[in-house]
Amino acid sequence: MLVYIAGSGAMGSTIGYHIEKNTDSRVILLDYWQDHIDKINENGLMVSGKVEDKIKIKAMRPEEAEEEADLIVVMTKSMALEAMMEAIKGIIGEKTQILCLLNGMGHEKILEKFVDKNQINMGVTIWAAGLTGPGQIEITGKGTIDVQNIGDDEENGRKIARLLDKAGLGAKYDNDVMFAIWRKVMVNGTMNSMTSLMECTIGEFFDSSRSKDIISELVKEFTEVGRAEGIDLDKKEMLEYIYKTAEEAKDHHPSMYQDLIERNRKTEIDFINGAVVEKGKAHNIATPYNKIVTQLIHAKEDIRGAK
Ligand code: NAD
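Residues numbered from 1 in each chain as written. Predicted model: local features only at pLDDT ≥ 70, side-chain atom pairs only at ≥ 80, totals over all residues. Heavy atoms only, no water.

*Asks:* I'd like a description of the overall build of the chain, backed by residues and values.
*Replies:* In terms of helices and strands, the chain carries twelve helices and twelve strands. Relative to its length of 307 residues, the chain is compact, with a C-alpha radius of gyration of 19 Å against a globular reference of 19 Å. Each principal axis of the C-alpha atoms in the chain carries an extent, and together these give about 50 × 40 × 30 Å. Summed over its atoms, the accessible surface of the chain is roughly 14,100 Å², and 47% of this surface lies on carbon and sulfur atoms. On the chain, the mean spot of the 39 positive side-chain charges and the mean spot of the 51 negative ones are 2 Å from each other. (Helix = DSSP H or I, 4+ residues; strand = E, 2+ residues; numbered from the N terminus. Rg over C-alpha atoms; globule rule 2.2 N^0.38 Å. Areas by Shrake-Rupley, 256 points an atom, 1.4 Å probe, with all protein chains shown as cover. Lys, Arg positive; Asp, Glu negative; His and termini not counted. Charge placed at Lys NZ, Arg CZ, Asp CG, Glu CD.)

Printed below as a string of structure tokens:
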């Protein structure tokens, strides 16, 4: 099986590493960061953190890929997904399956512009990784992956889940992956955006006397819109999940904080808090807290000249 990873930053390389290392599939990492590609091709992919390894794996630019894919795992940042799909059109055949594990909501609508719904598998992962330099990833947290085919091709969805599980990624087929995606979006939409705005750790924000009300309002909007979309979300249950996750990660700065505050990079806010605002409009549900959070993050990107 030929597997491409379209967008081979921290998470893409983590997934590519596991599949190449532990299965018979051939993996090709696609990315635009030339130094990263060169280092991987010259020295192999260096892996540190929860796994210490070095692996020979092929890397190239998206436009250089020619062979038709069996599976493409898209792993760009949300804002770069459409351009990546455009760039790799040539390797997508009728039998090519796409797996999307990006954080946030609404990516399936982008994918549907390029492939049939039966070729789309949505997923969510709680693995955690970072880049320590070109050709170097650090796996900071081992996790799981949930996958579901959003068309009628459950068989292929299950095949992908089995491949990822064999790769050691703790994967399973999930008949309600949208629930898992919305739940993770709520975690990101409270922790990531608020710690980026307040420039603090997760624990510092969640311990502050004002945070309870803000988190409660954000989650209320998420659950109302989610329910209108047919996702069975309970506000109390979601709040419990978010507080439990926050407690476990209290000393950390989430990825959005690292991107915006530490690296001056643009955020995925339009696919997190911004996505619930857009979906809310379609259902006539007001989402003032998520709207202001989205606007403030964009203002912060502007002020900092984030790229
Ligand atoms: P990333 O920032 O590591 O990589 C994204 C892209 O940016 C890649 O193409 C990468 O090559 C490029 N890039 C990164 N640093 C660069 C540099 N210094 N110079 C030039 N290019 C550079 O992104 P990621 O963390 O892999 O995230 C991909 C998706 O996975 C996102 O939707 C994210 O929310 C999601 N996700 C990430 C994690 C995580 O722990 N990293 C966990 C779950 C989900």
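*Asks:* I'd like a description of the side chain of N188, backed by residues and values.
*Replies:* Looking at the secondary structure, you find N188 in helix α6 (residues 177-198). We classify N188 as buried; its relative accessible area is 5%. Among all residues touching N188, those that are not within four sequence positions of it are N103, S193 and I272. (Buried < 20%, exposed > 50% of the residue type's maximum accessible area, 1.4 Å probe, protein only. Contact = heavy atoms within 4.5 Å.)

*Asks:* Describe the pairing of strand β7 (residues 97-100), listing the residues and the values that go with them.
*Replies:* Taking every second residue as pointing to the same face, both faces of β7 are buried, with Q97 and L99 on one and I98 and C100 on the other. The pairing of strand β6 (residues 71-74) with β7 spans four bridges and is parallel. Bridging across to β7, V73 finds its partner in L99. Read as a crossover between parallel neighbours, the route from β6 over helix α3 (residues 81-87) to β7 is right-handed. The pairing of β7 with strand β8 (residues 120-125) spans three bridges and is parallel. Looking at the pairing, L99 lines up with N121 of β8. (Pairing = 2+ DSSP bridges. Right-handed = clockwise from strand over helix to strand, strands pointing away.)

*Asks:* How would you explain the sheet that holds strand β3 (residues 45-49) if you had to name every residue and give the values?
*Replies:* If you trace the four strands from one edge of the open sheet to the other, you get β4-β3-β10-β9, paired in mixed fashion. Of all the strands in the sheet, just β4 (53-55) and β9 (128-133) have a single pairing partner and so form its edges. Taking each pair of neighbouring strands and ignoring which way they run, the sheet shows an average axis angle of 25 degrees. Bridge count between β3 and β4: three bridges; the pairing is antiparallel. Its bridge partner lying in β4, V47 is registered against D53. Strand contacts of helix α1 (residues 10-22): β3, β4, β9 and β10 (136-141), with the helix running at about 100 degrees to β9, the strand carrying the most contacts. (Axes fitted to C-alpha atoms, helices over the stretch in contact; angles between N-to-C directions.)

*Asks:* Run through empty space enclosed by the protein, naming residues and quoting values.
*Replies:* For the structure shown, the criterion picks out one cavity of 30 Å³ or more. What the largest cavity holds in volume is close to 40 Å³. When residues of the lining of the largest cavity are traced back to their parent elements, those giving at least two are β8 and α6. A total of four residues in the lining of the largest cavity trace back to one element, the largest contributor, which is α6. (1 Å grid on protein atoms, 1.4 Å probe; cavity = no way out; pocket = protein on both sides within 12 Å on 5 of 7 lines; lining within 4 Å. Points joined across faces, edges and corners; volume = space filled by probe spheres on them.)

*Asks:* Could you give an account of the packing of helix α8 (residues 211-228) against helix α11 (residues 273-282), with specific residues and numbers?
*Replies:* The description of two packed helices rests on the angle between their axes and on the distance between the axes. Where α8 meets α11, the axes come as close as 10 Å, and the angle between the chain directions of the two elements is 50 degrees. Taken together, the axes of α8 and α11 are oblique relative to one another. At the point where α8 passes α11, the crossing takes the left-handed sense. Across the interface between the two elements, L218, E221, F222 and V225 of α8 pack against N273, V276, K279 and G280 of α11. A per-class count over the contact of α8 with α11 returns four nonpolar, two polar and two charged. (Parallel < 35°, antiparallel > 145°, perpendicular 65-115°, else oblique. Left-handed = near helix turned anticlockwise from the far one by under 90°. Nonpolar A, V, L, I, M, F, W, Y, C, P; charged D, E, K, R; others polar.)

*Asks:* Give a description of the site of the ligand that names residues and reports values.
*Replies:* The immediate surroundings of the ligand are formed by 18 residues, with A10, M11, D31, A129 and E268 found nearest. R265 places a polar side-chain atom, nitrogen or oxygen, 2.9 Å from an oxygen atom of the ligand. Compared with its free state, where it exposes 810 Å², the ligand has 78% of that area covered by protein. Elements supplying a minimum of two residues to the shell around the ligand: α1 and β9. (Near = heavy atom within 4 Å. Polar contact = N/O pair within 3.5 Å; in protein donor to acceptor, adjacent residues only side chain to side chain.)

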